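Observations on chain architecture
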Amino acid sequence: MKSLRYLSVGLIIALIGACSDSDDPNPGFETDLTEVATATENDVTVTLFAAEDLFVGFNKLTAKIENADGELLSGTVTVTPMMDMMTMSHSSPVEFPNGTTLTNGAYEFNSVFVMPSGEMGSWKINFEVNGTAVSVPIDVVAPEKARLVSFTSQMDETVKYFVAFLGPDEPQVGQNDLEIAVYKRESMMEWPAVTNLSFEVEPWMVSMDHGSPNNVAPTHMSDGHYMGKVNFTMTGDWQIRLTMSQDSNVCGEPYFDIYFQ
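These lines cover the structure that appears in this document, whether it is placed above or below. The model shown is predicted, which means the values in this text are computed figures rather than measured ones. Think of each chain on its own: its residues are numbered from 1, step by step along the sequence as written. Reporting of local features is limited, given that this is a predicted model, to residues whose pLDDT is at least 70; pairs of side-chain atoms are given and counted only at 80 or more, and all residues count toward the totals for whole chains, interfaces and linings. To get the side-chain values, all heavy atoms of the structure are used, and hydrogens and water are removed first.

1. Focus: the environment of phenylalanine 165
- Put simply, DSSP H or I for four residues or longer makes a helix, DSSP E for two residues or longer makes a strand, and each gets a number counted from the N terminus. Take phenylalanine 165: it is sitting in strand E12 (residues 160–167).
- As for phenylalanine 165 and glycine 57, which are separated by 108 residues in sequence, their C-alpha atoms are 7.3 Å apart.

2. Let's talk about the packing of aromatic side chains
- Planes of paired rings set the category: under 30 degrees apart is stacked, over 60 is edge-to-face and the rest tilted, where pairs are Phe, Tyr or Trp rings (Trp by its six-membered ring) whose centres lie within 6.5 Å. Within this structure, the stated rule accounts for ten aromatic pairs.
- With a centroid separation of 5.1 Å and 70° between ring planes, the pair formed by phenylalanine 199 and tyrosine 226 is classed as edge-to-face. In this pair, phenylalanine 199 is assigned in strand E14 (residues 198–204) and tyrosine 226 in strand E16 (residues 225–232), connecting sequence segments 27 residues apart.
- For phenylalanine 199, a relative accessible area of 8% puts it in the buried group.
- Classification of tyrosine 226 by relative accessible area gives buried; the value is 0%.
- Relative to phenylalanine 260, the ring of phenylalanine 232 lies with its centre 5.4 Å away and its plane at 50°, an arrangement referred to as tilted. Placement of phenylalanine 232 in strand E16 and of phenylalanine 260 in strand E19 (residues 255–260) is noted, with a sequence separation of 28 residues between them.
- Here the aromatic residues Tyr107, Phe109 and Phe127 are joined through ring pairs into a cluster of three or more. For each residue, the accessible area found with a 1.4 Å probe, counting protein chains only, is set against the maximum for its type, and the residue is called buried under 20%, exposed over 50%, and partly exposed in between.

3. Concerning the sheet that holds strand E11 (residues 148–152)
- Any two strands are treated as partners once DSSP identifies two or more bridges connecting them. If you trace the five strands from one edge of the open sheet to the other, you get E11-E12-E13-E16-E15, paired in antiparallel fashion. In this open sheet, the two strands that pair with only one neighbour each are E11 and strand E15 (216–222). When the angles between neighbouring strand axes are averaged without regard to direction, this sheet yields 25°.
- Pairing of E15 with E16, which is carried by four bridges, proceeds in the antiparallel orientation. The residue bridging serine 222 from the neighbouring strand is histidine 225, located in E16. Where helices are involved, their axes are fitted lines through C-alpha atoms of the stretch in contact, as for all axes, and angles between N-to-C directions lie from 0 to 180°.

4. Observations concerning the sheet that holds strand E8 (residues 106–113)
- Spatial ordering of the open sheet is given by E1-E2-E3-E8-E6, a layout of five strands whose pairing is antiparallel. The sheet is open, and its two borders are formed by strand E1 (34–41) and strand E6 (94–95), each paired with just one other strand.
- In this structure, E6 lies alongside E8, joined through two bridges in antiparallel fashion. Paired with glutamate 95 across the two strands is asparagine 110, which belongs to E8.

5. Quick notes on the nonpolar core
- By size, the foremost hydrophobic cluster in this structure holds 39 residues, and its most contacted members are Leu48, Ile65, Phe127 and Ile138.
- If you look at the next biggest cluster of nonpolar residues, it comprises 25 residues, including Val149, Leu197, Tyr226 and Leu242. Think of a nonpolar core as a cluster: buried Ala, Val, Leu, Ile, Met, Phe, Trp, Tyr and Cys residues, connected wherever their side-chain atoms sit within 4.5 Å.

6. Concerning the pairing of strand E18 (residues 249–252)
- Looking at chain direction, strand E17 (residues 236–246) and E18 are connected through three bridges and run antiparallel. Looking at E18, one finds that serine 245 is bridged to valine 250.
- As consecutive antiparallel partners, E17 and E18 are separated by two residues, and within that stretch aspartate 247 has a phi angle of approximately 55°, a positive value.

7. Side note on the pattern of salt bridges
- Salt bridges are defined by distance alone: a side-chain nitrogen of Lys or Arg within 4 Å of a carboxyl oxygen of Asp or Glu. Under the defined criterion, the tally for this structure stands at three salt bridges.
- In this structure, glutamate 52 and arginine 147 form a salt bridge, with 3.1 Å as the shortest nitrogen-oxygen distance. Of this pair, glutamate 52 sits in the loop between strand E2 (44–50) and strand E3 (57–67) while arginine 147 sits in the loop between strand E10 (132–138) and E11, and the two are 95 residues apart along the sequence.
- Given a relative accessible area of 21%, arginine 147 falls into the partly exposed group.

8. Concerning unusual backbone geometry
- Of note, the amide linkage connecting glycine 167 to proline 168 takes the cis form, showing an omega dihedral of 20°.
- Phi is positive for methionine 86, which is not a glycine, with a value near 70°.
- Mapped onto the secondary structure, methionine 86 falls in the loop between strand E4 (75–84) and strand E5 (89–90).
- One non-glycine residue with positive phi stands out, namely aspartate 209, at about 55°.
- Within the secondary structure, aspartate 209 sits in the loop between E14 and E15.
- Residue classification places aspartate 209 among the exposed positions, given a relative accessible area of 56%.

9. Thoughts on the side chain of serine 212
- Here serine 212 lies in the loop between E14 and E15.
- Pairing of N or O atoms within 3.5 Å defines a polar contact, subject to two protein rules: one partner must be a possible hydrogen donor and the other a possible acceptor, and residues neighboring in sequence count only if both atoms are side-chain atoms. Polar contacts involving the side chain of serine 212 include one to the main-chain carbonyl oxygen of asparagine 231, which spans 2.4 Å.
- Contacts: residue pairs with any heavy atoms within 4.5 Å of one another. Setting aside residues up to four positions removed in sequence, serine 212 forms contacts with Pro203, Asn231, Thr233 and Trp238.

Structure (structure tokens):
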């Protein structure tokens, strides 16, 4: 009986411990992403994580933000990507899916880098965390196949558009979800999403000079993101050709090259 009583007490303690762990109001920072950059300023450390090296195009990032003692911070945060080109500086499109709220050290945002790092300039991402500034230098590479197309509008040469390719990420034979995002440059610091466009889409296999049926033109969903479908009838090299219009007037014909086996 005494052994049974001790066993019961031990089981209760174990259950209490398990409940305590699962109900932890301040869980640690966890991610499966890869660290791509880090910097410490004013006793605040910002570490950036992404699925791959940062590239010209649409990047999803997660920031881990902690103080000098390694404590994960909460509060408010603002993010501004900046390209320093020596004689001038400019920002780029950036999205904040969860607003400016920082919780338990984790902050997610999307940044569309419009050019690579290199001889022309260098990138950094400026953070302001609860009023404290931290600047994180980053490296942005040009991907093997372009994931961002920029061009001047055929309707108005003062307007420059930037069309980012988000998917299909892993194309396959058959219908695939197509997602693009469109922005324009209004100034060096203002890169708003464009929400009033219409599209036509045609996948084209250049090597065999044919297209494919059963495609769905992208339509606007939210925040400059457009969703449609593309149908691939075989593996190989394809172009996703888009005709972009505003008020029934064609303003551009961007395309993206993809390849899959």
